[in-house]
Number of protein chains: 2
Amino acid sequence: MQEMQDTNPNAALAMECKVQKEKLADAVNRVMKAISSKTTIPILTGVKITAGLDGITLTGSNSDISIKSFIPLEEDGNENAMIGKSGQIVLPSRLFSELVRKLPDEEVHIEVDSRMIAKITSGTTEFSLNGLDPEEYPNLPIINENDVFRIRKDLLKDLIKQTVYAVSITETRPVLTGVKWIIQGETLSCVATDSHRLAQRSVTVEKAEDSGVHTLVIPGASLNELSKILDDDDEQMVDIVMTTNQILFKSQNVQFYSRLLDGNYPDTSRLIPSDSKTTIDLGTKALYHAIERASLLAKEERNNVVKLRAEGNQVEISSQSLELGRAYETLVTENFEGEPLRISFSAKFMMDALSRLDAQSVRIHFVGPMRPIIIRPIGDEHILMLILPIRTF
Amino acid sequence: MQEMQDTNPNAALAMECKVQKEKLADAVNRVMKAISSKTTIPILTGVKITAGLDGITLTGSNSDISIKSFIPLEEDGNENAMIGKSGQIVLPSRLFSELVRKLPDEEVHIEVDSRMIAKITSGTTEFSLNGLDPEEYPNLPIINENDVFRIRKDLLKDLIKQTVYAVSITETRPVLTGVKWIIQGETLSCVATDSHRLAQRSVTVEKAEDSGVHTLVIPGASLNELSKILDDDDEQMVDIVMTTNQILFKSQNVQFYSRLLDGNYPDTSRLIPSDSKTTIDLGTKALYHAIERASLLAKEERNNVVKLRAEGNQVEISSQSLELGRAYETLVTENFEGEPLRISFSAKFMMDALSRLDAQSVRIHFVGPMRPIIIRPIGDEHILMLILPIRTF
């Protein structure tokens, strides 16, 4: 009944495989995170599919990041895929990913002929897609696995969450759009700043041999994408390979490459005051929600500023909008040391910092109304958030 | 500790009430559906709050629709609210709705002074909001409850879902942006068309007395908003009051007013062919998904057209994109009568119609490649969807 035979039966097979739809959909979904429809290199709008002897590899890439997702022939005793003929093809990524998700059957059959036409069949569906030449697909960087360390996946995700929000989003100083990582012995220290606020955390990692100090700056956008593709199997380890201009994250069946940023990252240690004139302990959530409510009025004004007054064991958060009215929030501190204080700051910056802390309570250090505010979760001295105040008094 | 007393203790109270936060949040949420931030009438950006002897009424309105949501003092043995002083105030709706949702305590206290400043307190939060003069708030239309009928809430929601999608979204013929309702005896017939497709359904309603034939055209946008505020208590009845230029929907504690559209709605009965040259029965979901997949390619072209070929007991859906490739879907009919057929139509229009039918199977009637296609759910003769084909052969 079909009018045309799209794949020429005489054309030689360039590739053939069968694969479980769910596995294929997961893998496509992952590599799509690296594919941009706005790329100026046409071949990079596609997803590269490689059928090899041990399984199927999908690759997606843009100029900054590349992701490889591997589907092994067998996993946990289940058959994921069968290879009829090894080979490769590049297919339009958006169409292919939408199609795979919507296919009617549990199994997908992919057959590519020598004219690079891919016949995709599943149940009663048959698509003939015009492929692109896999020979034109750029090679991924070759990474020399000399400098490697390991970190638990959930810790890596926390580390990203707690630093990347503070990177600069303007390109005025490109290096500030990245997070600086310093590896020294078994300690990884991460810091990000947009010059109005700063976030830093250090953690212990596994490293086979001490190869001195490595400093690298990873684009914030890369870390955000990495975080999205790390699945919830939190106890797994991620291997991290460093080179001078690339970093590679390897977790089970997924490889994530990012370029590194050039340029001198500023020395941020001098920004952090060592003294404190007022120190208060507050419940993290109570403080977050009080600022969130005060911000409902503050955000109607130009710069979303709230005021904080601390005295005795009380903290008052207030804000006002000429047009709409005033807000007062009263909090009782868990601990209060030092002088009474008045200070103003961006509600958004404080909420950004607090929302990344899992600790029940935070300790906030103030040096004065125009000096940096330091926020630390009580119980973890390795995390520090800093925000600069705003002059209003 | 608070620096200023925003509400003057000597100013006479204009209103005072306490209300459960959840009840208030639900009610505000409902009336917000009628409030537009783009209105040219400043008072209509506000929500009107009226504390009366029996409870609290919230009102939101724009030029087309008005919604009243009532919180009774008591309900199902639970105390919802207490009135200290009856009165009314208009508050900025967006701020108020965000604030109510985020308040820390289960109870909200609202106190309005004679300067129209509303003090809203809940737990440790205190907001002073500048209110607007409730005297300036326009009166809702006075509806004479002569012509009333009743319909079950779930049936009303289905009725809206199955017709409103076919209204015109361009203002070329304003009357086509509405759904025509005809009440005759205990039958309500609804029809919508944008002149490329049509949807109609009739249902039986409860009506106390036969008051002849009523015809009215309700804006599609009003019906969409109505559908959103009808809660999931599906067995409840909705009272519907008709006047010459307004319609009022009354369900428990909610009143929804909409203006009606002027103008002559075209006679659509002649559009519907009475004969059929080819009739096929298909599974609704299988057909929907086949068209959805074919549309992945078709939507890359100008007008998202798919082709259908019917012959024997087979239906083939196909599409193509010069750049990307071709798609074929093969379906086996549950029943086939009449001549073989080739026809083309908008994938979107067919998916819109099929997705509004709950029946497991549909019967599709074709008269010829350039005549309307009729889709009916098998098992309900009171629903009819029509789409015009597109010339491609």
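These numbers were taken from a predicted model, which means no experiment stands behind them. (Residues numbered from 1 in each chain as written. Chains lettered and ligands numbered in written order. Predicted model: local features only at pLDDT ≥ 70, side-chain atom pairs only at ≥ 80, totals over all residues. Heavy atoms only, no water.)

## Looking at the overall build of chain A
Across its full length, chain A holds six helices and 29 strands. Judged by the C-alpha coordinates and their principal axes, chain A covers about 85 × 55 × 40 Å. Expressed as a percentage of the 393 residues in chain A, the buried residues total 54%. Taking all contacts inside chain A whose residues are at least 6 apart in sequence as the whole, residues at least 24 apart take part in 68%. Taking the average location of the 43 positive side-chain charges in chain A and that of its 56 negative ones, the two points are 7 Å from each other. (Helix = DSSP H or I, 4+ residues; strand = E, 2+ residues; numbered from the N terminus. Buried < 20%, exposed > 50% of the residue type's maximum accessible area, 1.4 Å probe, protein only. Contact = heavy atoms within 4.5 Å. Lys, Arg positive; Asp, Glu negative; His and termini not counted. Charge placed at Lys NZ, Arg CZ, Asp CG, Glu CD.)

## Concerning the relation of the copies chain A and chain B
In summary, the two copies of the chain are related to each other by a rotation about an axis coupled with a shift along it. In screw terms, the move from chain A to chain B is a rotation of 180° and a rise of 0.0 Å along the axis, fitting with an RMSD of 0.0 Å. A rotation of that kind, with that shift, is consistent with a two-fold axis. In terms of C-alpha distance to the rotation axis, chain A has A:Lys228 as its closest residue, with the C-alpha 16 Å off the axis. (Least-squares fit on C-alpha atoms with pLDDT ≥ 70 in both.)

## With respect to the packing of aromatic side chains
All names here are of chain A. Taken as a whole and judged by the stated rule, the model has four aromatic pairs over all chains. For the ring pair Trp181 and Phe249, a centre distance of 6.0 Å and an interplane angle of 90° mean the geometry is edge-to-face. Of this pair, Trp181 sits in strand β13 (residues 178–184) while Phe249 sits in strand β19 (residues 246–251), and the two are 68 residues apart along the sequence. By the burial criterion, Trp181 is buried, and Phe249 matches it. Counting every residue linked through ring pairs, the aromatic cluster contains Trp181, Phe249 and Phe256. (Phe/Tyr/Trp six-rings, centres within 6.5 Å; stacked < 30°, edge-to-face > 60°.)

## Looking at a negative patch on the surface
Residues and elements named next belong to chain A. Residues Glu22, Asp26, Glu74, Glu79, Asp105, Glu106 and Glu107 make up a contiguous surface patch of negative charge. Mapped onto the fold, Asp26 is located in helix α1 (residues 21–32). Its relative accessible area of 41% is what places Asp26 among the partly exposed residues. (Patch = residues over 30% accessible without salt bridge, like charges linked within 9 Å, V, L, I, M, F, W, Y side chains within 5 Å. Areas by Shrake-Rupley, 256 points an atom, 1.4 Å probe, with all protein chains shown as cover. Salt bridge = Lys/Arg side-chain N within 4 Å of Asp/Glu carboxyl O.)

## Some points on the domain arrangement of chain A
Residue and element names in this part refer to chain A. If you check the domain split of chain A, you get domain 1 (13–136), domain 2 (147–259) and domain 3 (272–387). Between domain 1 and domain 2, the contact holds twelve residues from the first and twelve residues from the second. Summed over both sides, the interface between domain 1 and domain 2 buries roughly 1,100 Å², with carbon and sulfur atoms accounting for 54% of that surface. Counting the contacts that link domain 1 with domain 2 gives one salt bridge. Put simply, Arg259 and Asp64 hold a salt bridge, and the shortest N to O gap is 2.3 Å. The interface formed by domain 1 and domain 2 contains five residue pairs in polar contact (both at pLDDT 80 or more). Element by element, the count of residues in the side of domain 1 that touches domain 2 is highest for strand β4 (residues 65–72), at seven residues. Classifying every residue of the side of domain 1 that touches domain 2 by side-chain character gives four nonpolar, three polar and five charged. (Domains from an automatic or database assignment. Buried area = accessible area lost by both parts, 1.4 Å probe. Polar contact = N/O pair within 3.5 Å; in protein donor to acceptor, adjacent residues only side chain to side chain. Nonpolar A, V, L, I, M, F, W, Y, C, P; charged D, E, K, R; others polar.)

## Points about the pairing of strand β26 (residues 341–346) of chain A
Residues in a regular strand point their side chains to alternate faces of the sheet. All names here are of chain A. Within β26, five of the six residues are buried, leaving the element largely enclosed by the surrounding structure. Pairing analysis gives six bridges linking strand β22 (residues 305–311) to β26, with the strands arranged antiparallel. Across the sheet, residue Val306 finds its bridge partner in β26, namely Phe345. (Pairing = 2+ DSSP bridges.)

## Thoughts on the UniProt feature "domain: DNA polymerase III beta sliding clamp C-terminal" (unreviewed entry) in chain A
The feature "domain: DNA polymerase III beta sliding clamp C-terminal" (unreviewed entry), as annotated in UniProt, sits at residues 270–391 of chain A in this numbering. Along residues 270–391 of chain A the backbone is 19% helical and 45% strand, and the end-to-end C-alpha distance reaches 21 Å. (UniProt positions renumbered as here; feature names shortened; annotations may be inferred.)

## Quick look at the environment of B:Gly185
By the secondary structure assignment, B:Gly185 is in the loop between β13 (178–184) and β14 (187–193). Separated by 23 residues in the primary sequence, B:Gly185 and B:Ala208 place their C-alpha atoms 9.5 Å from one another.

## Side note on unusual backbone geometry
Residues and elements named next belong to chain A. Even without being a glycine, Ser195 presents a positive backbone phi close to 75°. Secondary-structure assignment places Ser195 in the loop between β14 (187–193) and β15 (197–204). We note that Asn304 has phi near 55°; this positive angle belongs to a residue other than glycine. Here Asn304 is to be found in the loop between α5 (284–298) and β22.

## Quick look at the sheet that holds strand β16 (residues 206–207) of chain B
Residues and elements named next belong to chain B. Taken together, nine strands build an open sheet; the order of strands is β8-β2-β3-β4-β20-β19-β18-β12-β16 and the sheet is antiparallel. At either end of the open sheet lies a strand with only one pairing partner, and these are β8 (87–92) and β16. Note: strand β3 (residues 55–61) against strand β4 (residues 65–72), seven bridges, orientation antiparallel. Counterpart to Thr57 in the pairing with β4 is Phe70. Docked against the sheet, helix α3 (residues 153–164) engages β12 (147–152), β18 (237–242) and β19 (246–251), running at close to 95° with respect to β12. (Axes fitted to C-alpha atoms, helices over the stretch in contact; angles between N-to-C directions.)

## Quick notes on the packing of α3(B) against helix α4 (residues 220–229) of chain B
When two helices pack together, you describe them by how their axes are tilted relative to each other and by the distance separating the axes. Residues and elements named next belong to chain B. Axis separation between α3 and α4 bottoms out at 10 Å; the angle between their running directions is 140°. With respect to each other, α3 and α4 are oriented oblique. Of the two elements, α3 crosses α4, and the hand of that crossing is left-handed. For the pair α3 and α4, contact is made by Leu156, Lys157, Ile160 and Val164 and by Gly220, Leu223, Asn224, Leu226 and Ser227, respectively. Taken together, the residues of the contact of α3 with α4 sort by class into five nonpolar, three polar and one charged. (Parallel < 35°, antiparallel > 145°, perpendicular 65-115°, else oblique. Left-handed = near helix turned anticlockwise from the far one by under 90°.)

## Some words on the sheet that holds strand β1 (residues 13–20) of chain A
Sheet architecture is open: nine strands sit in the order β7(A)-β1(A)-β9(A)-β10(A)-β11(A)-β24(B)-β23(B)-β22(B)-β26(B), paired in antiparallel fashion. What marks the edges here is a single partner per strand, and that holds for β7 (81–85) of chain A together with β26 (341–346) of chain B. Across this sheet, the average inter-strand angle for adjacent strands is 15°, counted without regard to direction. Sheet contacts for helix α5 (residues 284–298) of chain B: β11 (125–130) of chain A together with β22 (305–311), β23 (314–321), β24 (325–332) and β26 of chain B; angle to β24(B), the most-contacted strand, approximately 170°. Packing of helix α6 (residues 347–354) of chain B onto the sheet brings it into contact with β22 and β26 of chain B, and relative to β26(B) it is tilted by some 85°.

## Considerations on the UniProt feature "domain: DNA polymerase III beta sliding clamp N-terminal" (unreviewed entry) in chain A
Here, UniProt's "domain: DNA polymerase III beta sliding clamp N-terminal" (unreviewed entry) annotation points to residues 15–141 of chain A. As annotated, residues 15–141 of chain A has a helix share of 17% and a strand share of 48%, and its two end C-alpha atoms lie 25 Å apart.

## So, the pattern of salt bridges
When their charged atoms lie close together, side chains carrying opposite charge are able to pair. All names here are of chain A. Inspection of the entire model under this criterion finds 42 salt bridges over all chains. Salt-bridge contacts for Asp358 lead to Lys161; the nearest nitrogen and oxygen are separated by 3.5 Å. Pair noted here: Asp358 is in the loop between α6 (347–354) and β27 (361–366) and Lys161 is in helix α3 (residues 153–164), with a separation of 197 residues, a long-range link. The exposed category is assigned to Asp358, whose relative accessible area is 58%. The residue Arg270 makes a salt bridge to Asp267 at a minimum N-O spacing of 3.9 Å.

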